[in-house]
Amino acid sequence: MGEFRAILPQGAGYAIICGLGAVFTFGMILTTQMLRRYQKEIMTAEEFTTAGRSVKTGLVASAVVSSWVWASTLLTSCSMEYNNGIFGGYSYSAGASFQIIAFSILAIKTKQKAPNAHTYLEIVKARYGKLAHSVYLFYAFATNILVTAMLLTSGSAVFGDLTGMNPIAAAFLLPLGVVIFTMFGGIRATFLTDYIHTCAIIIIILFFAFRVYATSDLLGSPSKVYDLIREAAKRNPRVGNYKGEYMTMTSKPAGIFLVINLVGNFGTVFLDNGYWNKAISASPAATLPAYIMGGLAWMPVPFLISLTMGFACLATETMQNFPTYPDPLSSYQVSQGLVLPAAAVTVMGKGGAVATLLMVFLAITSGVAAEVISVSSVFTYDVYREYFNPKATGKQLIYSSHAAVFIFGVGMSGFSVGLTYGYVSMGYIYEIMGIIISSAVVPVILTLCWRQQNKVAVICSPVLGTGLAIMSWLVCTKSLFKELTIATTFEDYPMLAGNVVALCSPCVTIPVLTYVFKPQNFDWEILKSIKRVDESVELAELAKEEDIEGIAVDLASTASGDSTNQNNKDSSESTADEKDNLRVSESKIKPITTILSSIQKETPEEMTEDMIAEEKALARGLKIAYFLCVFFAFAFLLVWPIPMYGSHYILSKKFFTGWVVVQIIWMFIS
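Residues numbered from 1 in each chain as written. Predicted model: local features only at pLDDT ≥ 70, side-chain atom pairs only at ≥ 80, totals over all residues. Heavy atoms only, no water.

This is how it is decided: UniProt positions are given in the numbering used here, feature names are shortened, and annotations may be inferred rather than shown by experiment.
Under an unreviewed UniProt entry, the chain has the name Urea active transporter and belongs to Maudiozyma humilis. Per its UniProt entry, the chain bears the Sequence similarities (unreviewed entry) comment "Belongs to the sodium:solute symporter (SSF) (TC 2.A.21) family."

Written out as C-alpha cells, the structure is:
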C-alpha cells in the first residue's frame, strides 16, 4: 500500500478546523444576539427546536441540501466513480436523492395530523404508548450515532492524510464549533450556517469541474479525460463492468450499490429526527416545495463531484505527482474517501488540497449540526420531559438541550476515534447503516399513513427485521467467503442481502401481525393532543425585561388563564395615549407574541378560517407530493438507468461531453 503523502503542513489543518470553526461560531453567536436585541427574538425551548414553525421555502430547501451533503456525499460518490465508472457516481446520486423527495409526503402528513409535534417519536408514543416509544428511541439514536461517526471518521482521515494532522485531534476538534454555536442559536443557527455552507460547497465543486474539464494543464477538457479513462480500462479493467469499461452504465457492482444505497438511505432520512425537525420548522406552505427543491438541488452535488474528481483520480493515478505514486490507492484508502483529495492534489496541487479541506470541513460541520439538533430534540422531548420531568419549564428544556448537545458531541468524538483505530472505514459504516436501522422505516411510514397498523406490529416488526438482516448479512458472508472479517463482511453480496432484508421484511411481518392481533383503526385526531411547551409565564418575564409592561401584563394574564372577556372589554376602553404606547410596545415585542400565538386563544371564527385554508393547502400539496414521488421514482430509478444498463452502451466522446455539460448546468440551477 502506497503511503498518502501529506502536501500541507499540520498547521493548515488546525487553522481550518480551529480558525474557520471559530469564525463560524462567533458569527452565529453574534447573529443570534443581534436577532435578540434588534428583532426581539427570544430563545425559548420551542424556538430552539422548531424556529417558530415558520421557516420559508428557500431556507428549508438549503438546509435539507446541506444536511444531506455529508462528507461521504463528496467522498464516497467519488470512490464509487473511481471503482465502478460512470454508473458508480449515478448510483450514489439517484440512490440517495429520491428519499428526500419521498419524505415530503411524511412532512405534509405531520403538518396535517400532528401539527404540534417536536419529534416523530412523540407521534409514535401518542399512537402506540411507551413501549413502542422506547423501541424507536433506539433506532433514532442509532441513526444519529452512525451518521455522526461516519462524518467524523471520514473527516479526520482526510485532514490527517492531507496535512499530517493527528486524526484523534481532528475528531475532537471538528464538532467543537458546531456544539458551541448550536447551544447558542438552536435550529435557527443551523439553518443560517446551512445556507452559507451549501453555497460555499457548490462554488468549490464548480471550481473543481471547470479546472478538470476546462483549464487544467494535466487534463483540461472532457475529451482528454475521456481518452485517459478508456486507457485506464485497458490498464486495469473493472471486473463486473461490460468489457471492463468505466464509460458504461452496465456495471454489476454499481447496480448492487444502487440497491444498498437506496435501502440504507431510507433509514438515514426517515429515522433521523433532523429531517423531521426541518419539516416541523417549515411553514405549512413551504413544506412541499422545500423538500422537492431540496432533493432536486442535492442530486447534482454527488453527481458532478464524482464525475469530476472520481474520473480525475482514475485518469491521473499513473502520473508522478499522484500522492501514492507509483502505487494506486489501496482498497482501504478508497473506502476511507481519499479519491477526492488525491485527485485534487494531483490536478491542483496545494490549492486543491486547501479547497478539499474547506469543502470537507463545511460538509462535516453542516452534517454534525443537523445530528446534534436531532439528538438534542429527541433527548429533551422524548427522554427528559417524557421520563424524568413531565412538567419541565421552557428554561429547563433549554438546559436539557444544551446538555445533550455537549455530551453527544464529546461522546461521538471518542466513538469515532475507536472506529479509526479499529480500521472501520467510512464506506463500511455507510453500507452497514441500512442493516441496523432500516427495518424501522416501514413502521414509521405507516404510523402516519395507515390507521390499521397495531401496537404489536409496530413493536415486533423492526426488532425481527434487524435480527433477520444481521443474520442474512453474516450467513451470506460465511457461505461465500468462509470467514467473518471486516473485509469479507464489506463485500457486495452480503451487504446487499442484509440491507434488502432489513427494509423489506416488515412489509411481510406488519400485515401478518396487524391482522392476527386485530387492526387498530386509529383515530388521527388523537395526534393533535400532542402539546407545545407553555412558556407564556417566561415570555411575560422577558417582556418585563424589555420594558414593555403593557404586553407583559397581557402575557402574564394569558399564562395564568385569568384573562376574561371583561378584561378584554376593559382594555378596549383605554385612552388614546395608552393605545399609542401599546402599539409601540407591540412593535418591540412582535416576535414574542408570534411565539405565544400558539398558546393564546383565538376566536372560533379565526381558528376555523385559518384551519380550513391550511388544510386545503396541505391536502393539495399531498396529492402533488404523491405524484412527484412516483414520477421521480420512475425517472431516476427505472427510465434513466435501466435502458442504459441493458443496452451495454459504452459512452462515446460526444455523449460524455454532453453528460458533463448537463451536470454543470444542473449544478448552476441548484
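Further notes follow.
## Topic: the packing of aromatic side chains
Note the cut-off: Stacked, tilted and edge-to-face pairs are distinguished by plane angle, under 30 degrees for stacked and over 60 for edge-to-face with tilted covering the rest, among Phe, Tyr and Trp rings (Trp via its six-membered ring) whose centres lie within 6.5 Å. Strands are runs of DSSP state E lasting at least two residues, helices are runs of H or I lasting at least four, and both sets are numbered from the N terminus onward. Here's how the labels work: a residue is buried when its accessible area is under 20% of the maximum for its type, exposed when over 50%, partly exposed in between, all with a 1.4 Å probe on protein chains only. Working rule: Lys NZ or Arg CZ, within 6 Å of ring centre, within 35 degrees of ring normal, means a charge sits over the ring.
Considering all chains together, one arrives at 37 aromatic pairs under this definition. Each ring, one from Y90 and one from W640, has its centre 4.8 Å from the other, and the planes form 55 degrees; the classification is tilted. On the criterion of sequence distance, the pair formed by Y90 in helix α5 (residues 86-113) and W640 in the loop between α27 (604-639) and α28 (641-646) is long-range, its members being 550 residues apart. What makes W640 partly exposed here is its relative accessible area of 24%. A centroid spacing of 5.9 Å and a plane angle of 65 degrees characterise the contact between Y332 and Y423, whose relative ring orientation is edge-to-face. Of this pair, Y332 sits in helix α15 (residues 331-335) while Y423 sits in the loop between α17 (394-421) and α18 (426-437), and the two are 91 residues apart along the sequence. Overall, Y332 belongs to the partly exposed group, its relative accessible area being 29%. Residue classification places Y423 among the exposed positions, given a relative accessible area of 58%. Taken together, the ring pairs connect F87, Y90, F303, W640, Y645, Y649, F655 and W659 into an aromatic cluster. K113 extends its terminal NZ or CZ atom over the ring of W524, reaching a point 4.8 Å from the ring centre.

## Comments concerning empty space enclosed by the protein
Space left empty within the atom packing is revealed by a probe, the size of a water molecule, rolled over the atoms. Defined as follows: Buried and open spaces are told apart on a 1 Å grid over the protein atoms alone, a cavity being a set of points where a 1.4 Å probe fits but cannot get out and a pocket being an open set with protein on both sides within 12 Å along at least five of seven lines. Residues with an atom within 4 Å of a point are the lining residues. Grid points are joined across faces, edges and corners, and a volume is the space filled by probe spheres set on the points. Gly is put with the polar residues, along with every residue not named as nonpolar or charged; the nonpolar set is Ala, Val, Leu, Ile, Met, Phe, Trp, Tyr, Cys and Pro, and the charged set is Asp, Glu, Lys and Arg.
Summed over all chains, the structure comprises 1 cavity of 30 Å³ or more. The computed volume of the largest cavity comes to approximately 40 Å³. As for the largest cavity, its lining consists of I260, N261, G264, N265, T268, Y430, E431, M433 and G434. For the lining of the largest cavity, the secondary structure elements donating two or more residues are α11 (252-270) and α18. It is α11 that provides the largest number of residues to the lining of the largest cavity, a total of 5 residues. Taken together, the residues of the lining of the largest cavity sort by class into 3 nonpolar, 5 polar and 1 charged.

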